[in-house]
Amino acid sequence: MGTPFDPETFVASYKPGAPKEIGGELLQIEVFWRKHCQFLKDHGYTLRPAISRIGDLLDWTECEDAVFVAGNLIDATRTDGTLVMIKAIHRSQSPDEIPVGKVLSSERLASPRNHCIPYLEIIDPPEGSDEAFLVLPLLFSTELAPFETIGEVVEFFRQMFEGLEFMHEHNIAHEDCKYDNIMADSRHLFDAPPHPFEHYMKRDFSGPIRVVSSRTMKPVKYYLIDFDLSKEYPPDGQPRLEEPPWGGDRTVPEHLLPDAPPCDPFPVDVYCLGNCVRENFLDGDEFCKGKIGFEFMRELVDDMTSPDPLRRPQMNDAVSRLNSIIDGLSDWHLRSPIVEVGQRTNVYKFIHHWTKQLIRKARGIPAIPKV
């Protein structure tokens, strides 16, 4: 019988990179995954030795991959050698995550415009348990490999606007469209597979990863992830209202009203995506600085983050406006480096950057990389 699973308890009990006390009791999260090691192996997925051997070692940090897991996620290797991520889903607590993801992963919605993380497999719960398992591609944070040029970021914008538009076209609201719910299939940019939880280390902990290519040379596909709050709505135009608040963006105007009434999640999605651009590229926030050269997004982002949801564009309008903006950007602007507000210019890096860009331009390599 599976161990009862509560993601919030898991997250509260785990600190990334912190090994357990030698000889101490196993954390609840360790017990859960250890109990399901054989179950997952029977379905074709092998967990790292640090997980499968918990309890067998006097000191589990003897494993070169002793960094554990994050909440309800764990990495695994499929029988064909493919590296994947497995997510435990408490079906009674997240009733929409599997159905919505199945729709988005269906053959009917197969499209280059679909930027939703695909479900590779859904493993039904063990007997007597409520925890199902999603098998997902192993992705990485968007900026694990830093953006080199404005054109690379523009392609990131384009894909994410297109992806959210695609969801909305099919009457699905994401409902948690924040920056860390956007991830990248970027393994090909590094000299070795990054560790799934200590991203700046190699998977086998033999040393730090090193970026060996750029998105301009090896384009990256980006994905919207995490559909535990997402919902599919009827296409008949009936009011689509949800009780606020929800999601990780705590700045949504509709959610901050006193005694906030039910609101439409689709304009909230538009706000959250616009706010991703505003906080991570235009103005910055408490965690990151704004970047120079993105003022071309200001008017569109201001409209997407309007306090009045009725004044926000729908995603198809936002995509159309973004495409017009991109068409008006010069090749030189697109090849410009990513520079944080207040960052001092390093002459060597400046010359190195523009030398590379001149060579790429001469070779006919586009300033906006396309997958």
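Everything discussed here concerns the structure shown above.
In this report, the structure presented in the accompanying data block is examined. (Residues numbered from 1 in each chain as written. Predicted model: local features only at pLDDT ≥ 70, side-chain atom pairs only at ≥ 80, totals over all residues. Heavy atoms only, no water.)

Strand order in the open sheet formed by five strands is 1-2-3-5-4, with antiparallel pairing between adjacent strands. Every interior strand has two partners, whereas the edge strands, strand 1 (45-47) and strand 4 (121-123), have only one. Strand-to-strand twist across the sheet, computed as the mean angle between neighbouring axes with direction ignored, equals 40°. Looking at chain direction, strand 2 (residues 73-78) and strand 3 (residues 83-90) are connected through five bridges and run antiparallel. Paired with Ala76 across the bridge in strand 3 is Val84. (Pairing = 2+ DSSP bridges. Helix = DSSP H or I, 4+ residues; strand = E, 2+ residues; numbered from the N terminus. Axes fitted to C-alpha atoms, helices over the stretch in contact; angles between N-to-C directions.)

Our focus in this paragraph is the packing of helix 6 (residues 150-169) against helix 9 (residues 315-327). It is the contact of helix 6 with helix 9, at a shortest axis distance of 9 Å, that shows an interaxial angle of 160°. Between helix 6 and helix 9, the interaxial angle falls into the category roughly antiparallel. You can see that helix 6 and helix 9 cross each other, and the crossing is left-handed. Contact residues: Val154, Phe157, Arg158, Phe161, Glu162, Leu164, Glu165 and His168 in helix 6; Met315, Asn316, Ala318, Val319, Leu322, Asn323 and Ile326 in helix 9. Considering only residue class, the contact of helix 6 with helix 9 consists of nine nonpolar, three polar and three charged. (Parallel < 35°, antiparallel > 145°, perpendicular 65-115°, else oblique. Left-handed = near helix turned anticlockwise from the far one by under 90°. Contact = heavy atoms within 4.5 Å. Nonpolar A, V, L, I, M, F, W, Y, C, P; charged D, E, K, R; others polar.)

Taken as a whole and judged by the stated rule, the model has 20 salt bridges. Residues Lys87 and Glu97 are paired through a salt bridge, measuring 2.6 Å at the closest nitrogen-oxygen approach. Highlighted residues: Lys87 in strand 3 and Glu97 in helix 5 (residues 97-104), separated in sequence by 10 residues. The same class applies to Lys87 and to Glu97, which are both buried. Two residues, Arg321 and Asp303, come together in a salt bridge whose shortest N-O distance is 2.9 Å. Placement of Arg321 in helix 9 and of Asp303 in helix 8 (residues 298-304) is noted, with a sequence separation of 18 residues between them. (Salt bridge = Lys/Arg side-chain N within 4 Å of Asp/Glu carboxyl O. Buried < 20%, exposed > 50% of the residue type's maximum accessible area, 1.4 Å probe, protein only.)

Next up on the list: the packing of aromatic side chains. Overall, the coordinates contain 18 aromatic pairs when judged by the stated rule. Look at Phe157 and Phe294: their rings are 6.0 Å apart centre to centre, the planes differ by 70°, and that puts the pair in the edge-to-face class. Here the residue Phe157 occupies a position in helix 6, and Phe294 occupies one in the loop between helix 7 (265-282) and helix 8, the gap between them amounting to 137 residues. Between Tyr179 and Phe281, the ring centres sit 6.2 Å apart and the planes meet at 80°, which makes this aromatic pair edge-to-face. Placement of Tyr179 in the loop between strand 7 (172-173) and strand 8 (182-185) and of Phe281 in helix 7 is noted, with a sequence separation of 102 residues between them. Side by side, Tyr179 and Phe281 carry an identical accessibility label, which is buried. Feature note: the residues Phe147, Phe156, Phe157, Tyr179, Tyr222, Phe281, Phe294 and Phe296 constitute an aromatic cluster, connected by ring pairs. When the ring centre of Phe266 is taken as origin, the NZ or CZ atom of Arg240, which lies over that ring, is 3.8 Å away. (Phe/Tyr/Trp six-rings, centres within 6.5 Å; stacked < 30°, edge-to-face > 60°. Lys NZ or Arg CZ within 6 Å of the ring centre and 35° of its normal.)

For the rest of this paragraph, the subject is the pairing of strand 2. Note: strand 1 against strand 2, three bridges, orientation antiparallel. Within strand 2, the position partnered with Tyr45 by the bridge is Arg78. Here strand 2 folds back onto strand 3 in antiparallel fashion, the turn holding four residues, of which Gly81 has a positive phi close to 90°.

Across the chain, the bulk of peptide bonds are trans and the bulk of non-glycine residues have phi less than zero. For the bond from Pro244 to Pro245, the omega torsion is -5°, close enough to zero to count as cis. Relative to the helices and strands, Pro245 resides in the loop between strand 10 (231-232) and helix 7. Of note, Glu175 is a non-glycine position whose phi angle comes to about 75°, a positive value. Counting through the fold element by element, Glu175 comes out in the loop between strand 7 and strand 8. A positive phi is found at Asp259, a non-glycine position, where the angle reads about 50°. Structurally, Asp259 can be placed in the loop between strand 10 and helix 7.

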